[in-house]
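# Report on the structure
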Amino acid sequence: MNKNTLVEFSVTRPKLVFGLVLLMTLAFAAQLPWIRLDTNPKNMLPPTSDVRVWNDSVDRTFALYEDTIVVGIVHPMSVLNKGTLEKVRDITAGILKIKGVAGRDVSSFTTIDNVTAEGTGLKVAPLVTKIPASEAEMQVLRKTLLENPLFVDRIISRDEKTTAINVPLEKGANGKEVADRIREILAKYQGEERYHVAGDPVARDTFGAEMFKLMGIFSPIAGMIMFIAIYVMFGSLTLATTMMLVAMVAIVWTMGLGIGLGFPIHIMSSMAPVFLMAIATDSIHIFNEFYFRFREKKDRRTAIIETMEAVGRPVRYTALATAAAFAVLLFMQIVPVRVFGGLIVFGTIVLRLFSFSLIPAVLAIARQEKIGAAAAGEDVTASRTARALKQLGALGANRPLATAAAGLALIAMAVLGTSRIVVNNNMVAWFKPGSEIRIADAVINRALGGTSLGYVVAASDQSDAIKRPETLRYIEGLQRHLEKLPVVGKTISVTDYVKRINRVLHDDDPKFDVVPDTADTIAQYLFLFSMSAKPSDLDNVVDYPFEKANIWVQLKTWDAAAMQGVIDATAEYQRLHPGKLDLKPAGIAYFNLVWNQEVLWDMVKGFLLALVVVLVILALDFGSLKWALIGYVPLLFTILLIYGVVGFAGKDFDMPISVLSCLSLGMAVDFSIHFISRLRQRLAETAVDAGRDLSALKEALAWTAARPGKGIMRNAVLFAAAFSVMLFAPLTPYITVGAFIVSMMLLSALLTILYLPALIVLTRGWLFKTGETK
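Nothing here was measured: the structure is a model prediction, and the numbers come from that model.

Here we come to the packing of aromatic side chains. The final tally for this structure, using the stated rule, is 17 aromatic pairs. With a centroid separation of 5.3 Å and 75° between ring planes, the pair formed by Phe275 and Phe340 is classed as edge-to-face. Of this pair, Phe275 sits in helix H10 (residues 272–279) while Phe340 is found in helix H13 (residues 335–355), placing the two residues 65 residues apart along the sequence. In this structure Phe340 comes out as buried when scored by relative accessible area, which is 0%. Pairing Tyr643 with Phe740 gives two aromatic rings, centres 5.6 Å apart and planes at 55°, and the pair type is tilted.

The N-to-C vectors of helix H11 (residues 284–297) and helix H12 (residues 300–327) enclose an angle of 140°; their axes lie 8 Å apart at closest approach. The orientation of H11 relative to H12 falls into the category oblique. Between H11 and H12 lies a crossing whose hand is right-handed. Judged by residue contacts, His285, Ile286, Glu289, Phe290, Arg293, Phe294 and Lys297 of H11 engage Arg300, Thr302, Ala303, Ile304, Glu306, Thr307, Met308, Ala310, Val311 and Val315 from H12. In terms of residue class, the contact of H11 with H12 is built from nine nonpolar, three polar and five charged.

Split by domain assignment, the protein chain resolves into domain 1 (1–66 + 235–372), domain 2 (68–204) and domain 3 (436–593). Distance between the C-alpha centres of domain 1 and domain 2: 51 Å. Regarding the contact of domain 1 and domain 2, the summed buried area is about 560 Å², with carbon and sulfur atoms giving 46% of it. Considering only the side of domain 1, the residues that lose the most area to domain 2 are Thr39, Tyr65 and Glu66, jointly responsible for 83% of the buried surface there. Here domain 1 and domain 2 share one salt bridge between them. For the salt bridge of Glu66 with Lys171, the shortest nitrogen-to-oxygen distance reads 3.3 Å. Between domain 1 and domain 2 we count three residue pairs in polar contact (both at pLDDT 80 or more) in total. In terms of residue class, the side of domain 1 that touches domain 2 is made up of two nonpolar, two polar and one charged.

A sheet is described by the order of its strands in space; here three strands give the open sequence S4-S1-S5, paired in antiparallel fashion. Two strands close off the open sheet at either side, each with one partner strand: strand S4 (162–168) and strand S5 (194–198). For this sheet the average axis-to-axis angle between neighbouring strands, irrespective of direction, equals 20°. Most of the contacts of helix H4 (residues 82–96) go to S4, to which it runs at about 10°, and overall it touches strand S1 (68–74), S4 and S5. Against the sheet, helix H6 (residues 175–186) contacts S1, S4 and S5, and its axis sits at roughly 25° relative to S1.

Moving on: the sheet that holds strand S8 (residues 548–555). What the four strands build is an open sheet, ordered S7-S8-S6-S9; its pairing is antiparallel. The open sheet has two edge strands, strand S7 (488–492) and strand S9 (582–586), and neither has a second partner. Looking at each pair of strands side by side, their axes are set apart by 25° on average, direction ignored. Here S7 runs beside S8; their pairing, made up of four bridges, is antiparallel. The residue bridging Thr491 from the neighbouring strand is Val553, located in S8. In this fold helix H24 (residues 588–622) packs onto strand S6 (452–459), S8 and S9, with an angle of close to 100° to the strand it touches most, S6.

Even without a glycine there, the phi angle at Asp153 is positive, about 70°. Examined against the element boundaries, Asp153 turns out to sit in the loop between helix H5 (135–146) and S4. The class for Asp153 is buried, based on a relative accessible area of 9%.

Most often, soluble globular proteins keep nonpolar side chains buried together rather than apart. Phe109 and Ile760 are the most contacted members of the largest nonpolar core, which has 237 residues in total. A total of 14 residues in this core trace back to one element, the largest contributor, which is H24. In this view, Ile760 contacts Trp627, Ile630, Phe675, Leu679, Leu697, Leu701, Leu767 and Phe768; residues no more than four positions away in its chain are not counted. Counting seven residues, the second-largest nonpolar core is a separate cluster that includes Val70, Ala164, Ala440 and Leu448.

Quick reminder: α-helices carry 3.6 residues per turn. Residues three or four places apart thus point the same way. Residues of helix H1 (residues 5–12) that are buried include every one of Val7, Ser10 and Val11, and no others. Looking straight down H1, one finds its buried side chains confined to an arc of 100°; they lie on one side. Looking at the buried side of H1, the elements it contacts are helix H2 (14–29), H12 and helix H14 (358–365).

Analysis parameters
Residues numbered from 1 in each chain as written. Predicted model: local features only at pLDDT ≥ 70, side-chain atom pairs only at ≥ 80, totals over all residues. Heavy atoms only, no water. Phe/Tyr/Trp six-rings, centres within 6.5 Å; stacked < 30°, edge-to-face > 60°. Helix = DSSP H or I, 4+ residues; strand = E, 2+ residues; numbered from the N terminus. Buried < 20%, exposed > 50% of the residue type's maximum accessible area, 1.4 Å probe, protein only. Axes fitted to C-alpha atoms, helices over the stretch in contact; angles between N-to-C directions. Parallel < 35°, antiparallel > 145°, perpendicular 65-115°, else oblique. Left-handed = near helix turned anticlockwise from the far one by under 90°. Contact = heavy atoms within 4.5 Å. Nonpolar A, V, L, I, M, F, W, Y, C, P; charged D, E, K, R; others polar. Domains from an automatic or database assignment. Buried area = accessible area lost by both parts, 1.4 Å probe. Salt bridge = Lys/Arg side-chain N within 4 Å of Asp/Glu carboxyl O. Polar contact = N/O pair within 3.5 Å; in protein donor to acceptor, adjacent residues only side chain to side chain. Pairing = 2+ DSSP bridges. Core = buried A, V, L, I, M, F, W, Y, C linked by side-chain atoms within 4.5 Å. Arc of directions from axis to C-beta.

Listed below in structure tokens is the structure:
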């Protein structure tokens, strides 16, 4: 079968190609209305993953809520005044009516349980049932709050300026929607107070809402930027329209497939349209060569066939390299990353199919006079861009040692920068520093225990072990040990409840703020408390066989490293104080840590696998491992330089950057494939003995830098233009991806044109045998 059968069919029967593409596009487009979003970090890992199974069991054992919103109320002097307390009361009452709020367990001044003595028993009632009317009553409330460790740093700051309303959510509630309803309530209460709404569900679901909007906004804007850029490059509306048509159809097919298969849209898959828009720019090599060929042949059909014969192989292999690099993501543990990888693999295959069908069909019906007008500008000798690229390639070819030495110096600096990279994920940090969510999180973390929550579960294999004095004292020691960490703002356990009960039953004498000496006394206290308090008060910190206790650890940052510090400190405490309790971390902060580690090792494995896969593809394309290794250098150089800058800039190595490690290989290697493939074609066409004739080799390198190199640079500029729109996003992962891709593509293109000539000249004795022309 002729290798250009599909091209010839498309050129001969373009209307049939258009009809088939239209039918398929309508079928995929019919799936788009069923789109679903998912920004829940839990779903980053499979339901069967160890951390999800463990966290779910902890939630069931201790009747914990998956999500909690924290409402911070700040007064410049003190929240303990009549006006502010009335606002807290009314705001709390309003929050209790919001759909999705677990009203029975909302905690604020007016709902949180306060333990006092009543005769020989306990009285458990809401802290504030009546707003203090006099200064004396206010002083009593102040004393009650500030002398109770269950309240300090939890619902009242030590300086009295901040109070919190903790709002647990029912399973399935949307954090952003609840937060928006809370903000509507807060807007009604103006005054000296400042209000802040924070918490993981707020950040997560707000991110999801913003992500959905950005997906709808950025793809058309990226398309418009590319359209304008293509028109400026070629001066042809036909070409610009064709490129946009190809990209948009591929996006509809890809997103339609993902949605039709039931996959929700996550942060990575929301970027798929822009990625596909950029990957579609590889078709620029077809147009770049077509206009050169048309200018030479003056016949449209001949120009199309010869163009595809010249660039068909590199176009196929660049698609294969890109698809292979993205396919590596299918082996990752992070579920949304796997979905994203699958979508881009499919989209890349579709785009390459269009390169040999839809694009030739469009060119076949384009008016020849318009093609001729656009092709008139494609003259290597007249084009300023081509001349500049020729000079750049000649610089590398004529001064190979100096070029290589400068590269080695840059690599050394990049390695130093790369060694400073810190791996971290923090969803709150995915918003800009001046955003409402970042400000709210910072204010509440400074004033109170913290918005990030982790647990340490203390477990024994004996019933009633938690009722023993030595067990409670061991837990108390662990709490004090953890509270020494700067990132830990507050810990709470069953020990705190027992100590509080012991104190109030002894006339609130501070010296009885200790664990009782007998298990019987502890058991009696817990029984009395359970009979009077809300079930969740005790359920959240102990199970009912009293074999397990749950230590709440509030953290002042969502950085994954914070929970690692808690785990390390717990292990240190166990080493210094050996005991019979098994201590194990849990909670959303622990999940974020595990997810962070999964991302790191997934990407290390994926990057190494992608390195091997791309090298194999290069070797297959070039038919030579030597040429594959030479083609490798510019992309590895580019990646190393960018990661060096990331390290020097102090930017966290988070999920978006780590995923880009694999993707960058597949995208940047395209330039090497086009450059080396066209160079070897040129050497074969001109019958140059590259091993002996250095000047002829340099001339061929200069031609490659000028003519195919112009396509490479156009490809890079269009790719960068598509992603540049992300630099203006309100979410930092989008900005990171945009900056990374823009810099990577432009730098990779320049390094390809500069360093490949230098490397080829330096290694020509190794690459070429005497008498060999390619």
